[in-house]
Amino acid sequence: MAIEVDTKDCTALSDAELAEMADLCAAGPRPYEAGLLSKLVEDWVLVTLARDSARIKGFSFCTLERIGGTPSVLIGLASIKRTAKRDTVLRQMMTDQLRRAVLAFPDEDVLVGTRMATASGFEAFRALTDIVPRPDYIATGEERAWGRRLAKRFGVPTGTYDERTFKVTGGEIPALVFDHDSAKPQTIPADVVALFDDIDEDAGDALVGFGWALADDLVKLL
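Residues numbered from 1 in each chain as written. Predicted model: local features only at pLDDT ≥ 70, side-chain atom pairs only at ≥ 80, totals over all residues. Heavy atoms only, no water.

**As for the pattern of salt bridges**
Then, number 1: In this structure the tally under the stated criterion is 20 salt bridges.
Then, number 2: The residue arginine 153 makes a salt bridge to glutamate 65 at a minimum N-O spacing of 3.1 Å. Residue arginine 153 is found in helix 4 (residues 141-153), and its partner glutamate 65 is found in strand 3 (residues 55-67); the two are separated by 88 residues along the sequence.
Then, number 3: A residue is classified by how much of its surface remains accessible, and arginine 153, at 30% relative accessible area, is partly exposed.
Then, number 4: We note a salt bridge from arginine 148 to glutamate 163, for which the minimum N-O separation is 2.9 Å. Of this pair, arginine 148 sits in helix 4 while glutamate 163 sits in the loop between strand 7 (161-162) and strand 8 (167-168), and the two are 15 residues apart along the sequence.
Then, number 5: Its relative accessible area of 39% is what places arginine 148 among the partly exposed residues. (Salt bridge = Lys/Arg side-chain N within 4 Å of Asp/Glu carboxyl O. Helix = DSSP H or I, 4+ residues; strand = E, 2+ residues; numbered from the N terminus. Buried < 20%, exposed > 50% of the residue type's maximum accessible area, 1.4 Å probe, protein only.)

Now the structure itself:
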């Protein structure tokens, strides 16, 4: 069966769905518990659920909003079950969120931001351009400002964020990140992997990352 993806208000999540989301996390390396997921229902507006044969195989908390007037898709905690279809789940979840972005912000470029603890998280940005941080690139002042804005929006404690490296040091434990492990980690460029050399997820470290979905690409999703 095809992967079925649905994005809805967090308040529409049932207790059974929250329990299934917690079970999904418990089976992976980042066992986010039901209590934490329930709190995120209050902190975020939308949740995207991906199902295969009616079972949840991935989810992400997200919101569509303007930050300083700029259309944005912000992705909070996300987790994808480690199955052979996990890359497909990731791609379809992101496509659904970007499709909603073009409906909310027609004819505009959209910033997409999240937090990551491993290089696999960069696969969520596959359809984006001008990704920051990226290898062999020095971020501009405006890009560093975007990093600060996103860190603040994600609730990163003051003093734990480095605007030049986009690194969160010793934040929440477990780090609330885009939890995805690539089905083909050997294909991730070594210089992308190197961006995470100093990230200690067990200590709550993460990278704040973002990229741009261009209006000309978004309209193709309609």
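Okay, back to it.
**Quick look at the packing of aromatic side chains**
Then, number 1: Summed over the entire model, instances satisfying the criterion amount to six aromatic pairs.
Then, number 2: On the basis of an interplanar angle of 35° and a centroid distance of 6.3 Å, the ring pair of tryptophan 44 and phenylalanine 154 is categorised as tilted. Within this pair, whereas tryptophan 44 is found in the loop between helix 2 (34-43) and strand 2 (46-52), its partner phenylalanine 154 is found in the loop between helix 4 and strand 7, the two being separated by 110 residues in sequence.
Then, number 3: A residue is classified by how much of its surface remains accessible, and phenylalanine 154, at 7% relative accessible area, is buried.
Then, number 4: Both rings, one in phenylalanine 122 and one in phenylalanine 125, keep their centres 6.1 Å apart while their planes meet at 70°; by these two values the pair is edge-to-face. The exposure classification of phenylalanine 122 matches that of phenylalanine 125, with both residues buried.
Then, number 5: Taken together, the aromatic side chains of Phe122, Phe125 and Phe196 make up a single cluster linked through ring pairs.
Then, number 6: Arginine 149 extends its terminal NZ or CZ atom over the ring of tryptophan 146, reaching a point 4.7 Å from the ring centre.
Then, number 7: Its end group placed over the ring of tryptophan 44, arginine 153 keeps NZ or CZ at 5.2 Å from the ring centre. (Phe/Tyr/Trp six-rings, centres within 6.5 Å; stacked < 30°, edge-to-face > 60°. Lys NZ or Arg CZ within 6 Å of the ring centre and 35° of its normal.)

**Here's the deal with the nonpolar core**
Then, number 1: Among the nonpolar cores identified, the biggest contains 38 residues, and Leu13, Met21, Leu37, Phe59, Phe61 and Leu150 are the most heavily contacted of them.
Then, number 2: It is helix 1 (residues 15-26) that provides the largest number of residues to this core, a total of five residues.
Then, number 3: Ignoring any residue separated from it by four or fewer positions in sequence, one finds leucine 150 in contact with Ile67, Leu74, Leu111, Gly113, Val208, Gly209 and Phe210.
Then, number 4: Counting 33 residues, the second-largest nonpolar core is a separate cluster that includes Ile75, Ala124, Phe125 and Phe178. (Core = buried A, V, L, I, M, F, W, Y, C linked by side-chain atoms within 4.5 Å. Contact = heavy atoms within 4.5 Å.)

**Notes on a nonpolar patch on the surface**
Then, number 1: Together, Leu103, Val219 and Leu222 make up a nonpolar patch on the protein surface, roughly 320 Å² of accessible area in all.
Then, number 2: Locating leucine 222 in the fold gives a position in the segment after helix 6 (215-218).
Then, number 3: Classification of leucine 222 as exposed rests on a relative accessible area of 63%. (Patch = residues over 30% accessible without salt bridge, like charges linked within 9 Å, V, L, I, M, F, W, Y side chains within 5 Å. Areas by Shrake-Rupley, 256 points an atom, 1.4 Å probe, with all protein chains shown as cover.)

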